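Structure assessment
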Amino acid sequence: MTYLRNAWYMIGWADEVGEAPLVRTVLEMPILVYRKQQTKEAVALIDRCPHRFAPLSLGRRIGDDYQCGYHGLRFNSDGLCVYNHFAKAIPSAAKVRTFPVFEQDHMIWVWTGTGAPASTATIPRFEFHTDPAKRNVFGTTLTRADYRLISDNLMDLTHTAFLHPEFGGESYVPKCKTWEEDGAIVVDHLIPSMPDIYSGSGTITETDRMRWNAPATHYLESHVTMLDESRLSFMIPSAHVLTPESLTTTHYFWSSALDHDSPMSNDELIAALRRAFDGQDKPMLEAVQERMQGHELWDLNPVMMPTDTGGVLVRRRLQKLIDAESQAAAVKTA
Ligand code: FES
Ligand SMILES: [Fe+2]
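Residues numbered from 1 in each chain as written. Chains lettered and ligands numbered in written order. Predicted model: local features only at pLDDT ≥ 70, side-chain atom pairs only at ≥ 80, totals over all residues. Heavy atoms only, no water.

**Examining the coordination of the iron ion (ligand 2)**
Rule in force here: Nitrogen, oxygen and sulfur within 2.8 Å of a metal are treated as its donors, or within 3.2 Å for sodium, potassium and calcium (Na, K, Ca); water is not counted, so a site can appear incomplete. Square planar and octahedral assignments, for four and six donors respectively, both demand that opposite donors be over 155 degrees apart and that all other angles lie between 65 and 115; tetrahedral needs four donors with all angles between 85 and 135 degrees, and anything else is irregular. Runs of E in the DSSP output that reach at least two residues are strands. Runs of H or I that reach at least four are helices, and both are numbered from the N terminus.
Bound to the iron ion (ligand 2) are the protein donor atoms H159 (NE2), H164 (NE2), D281 (OD) and D281 (OD), situated 2.1 to 2.5 Å from the metal. Around the iron ion (ligand 2) sit four donor atoms; with metal-centred angles ranging over 55 to 149°, the donor geometry is irregular. Positions of the donor residues of the iron ion (ligand 2), expressed as sequence spacing, correspond to H-x4-H-x116-D. Here H159 is found in the loop between α1 (147-155) and α2 (160-163), whereas its partner D281 is found in helix α3 (residues 266-291), with 122 residues between them in sequence.

Now the structure itself:
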């Protein structure tokens, strides 16, 4: 198994669920997310009617209930069937699975495990998303690659030198330092000197600090200092959150933020990020996925380089958590 099931996964940005519902597949489960009319609280149900498996999202919303568009069974936000057009009796099996939902920092998370969810305090914070001192941009990229390949890519930013010419290109030659801290795995990429990619002239020093938390949340801080008399410093935060759609496809949720007085507009920032994530990382990762022909990374004996340390630690930690979860499930069913 390559997924951790007992985990909080991001299913979307808060503003993706408004009047219209959001339907997104997470760990191969189609999930319907909508907001209750009065409280605006987001709720999540399996988007599959238990009768003949029609998507509930193709049905009709009635108050806080969904009526299946095929034969009309109606389900409330607790997943219970509350109406059967053809009889008073409601079939006892007519229930749909619901998922605990938590909303924080402009992100909506669902608990995909069984049993009581882990404390929401374990979900990494992205407070910059709601910081009034920042201008935020948000995006989502569906990538046809195993989420662990994308995690490898994020934990080793040396690929910037060849894949992202506009983020420093070949001058992006970092010294990397990796460590573990409070359950997270952190990699510092320190670039002593590179062209100033922010103003377009002069040189800068940059440290890109990538922090991973299980199962696939990455928080990047880019600390930049101008190498001129001003020694001007600033930090650009960004989120890189991965949610497996299936074994070989991943929702990549990304964000970044600028100070209000930054010379770069939000549109320019979005365009630069889309070029990198949609136009450069995505095609490379999809090509890698294809070339691996369904094999696990370790089965192909990959060449190891010191810059792979962060990614390897992440894979090991993740596998440990997945194995522990599988063993606990086996003991339960024995
Ligand atoms: S498929 Fe939904 S009521 Fe029949
Ligand atoms: Fe990249």
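**Re the packing of aromatic side chains**
Short version of the rule: Centre distance within 6.5 Å is the pairing criterion for rings of Phe, Tyr and Trp, where only the six-membered ring of Trp is used; planes under 30 degrees apart are then read as stacked, over 60 as edge-to-face, and the remainder as tilted. Charges are assigned to positions over rings by a cutoff of 6 Å between ring centre and Lys NZ or Arg CZ, combined with an angular limit of 35 degrees from the ring normal.
In the structure shown here, the tally under the stated rule is eleven aromatic pairs. Each member of the aromatic cluster is reached from another via a ring pair, and the members are W8, F102 and W111. The lysine or arginine in question, R74, covers the ring of Y83, its NZ or CZ lying 4.4 Å from the ring centre. Lying across the ring of W179, K177 places its NZ or CZ 4.9 Å from the centre.

**Some thoughts on the sheet that holds strand β8 (residues 81-83)**
Condition: The pairing criterion for strands is at least two bridges between them, as found by DSSP.
Taken together, the four strands give an open sheet; going across it, the order is β5-β6-β7-β8, and neighbouring strands pair in antiparallel fashion. One side of each edge strand has no neighbouring strand; the edge strands of this open sheet are β5 (60-62) and β8. In this structure, strand β7 (residues 74-75) lies alongside β8, joined through two bridges in antiparallel fashion. From the neighbouring strand, R74 faces β8, where its bridge partner is Y83.

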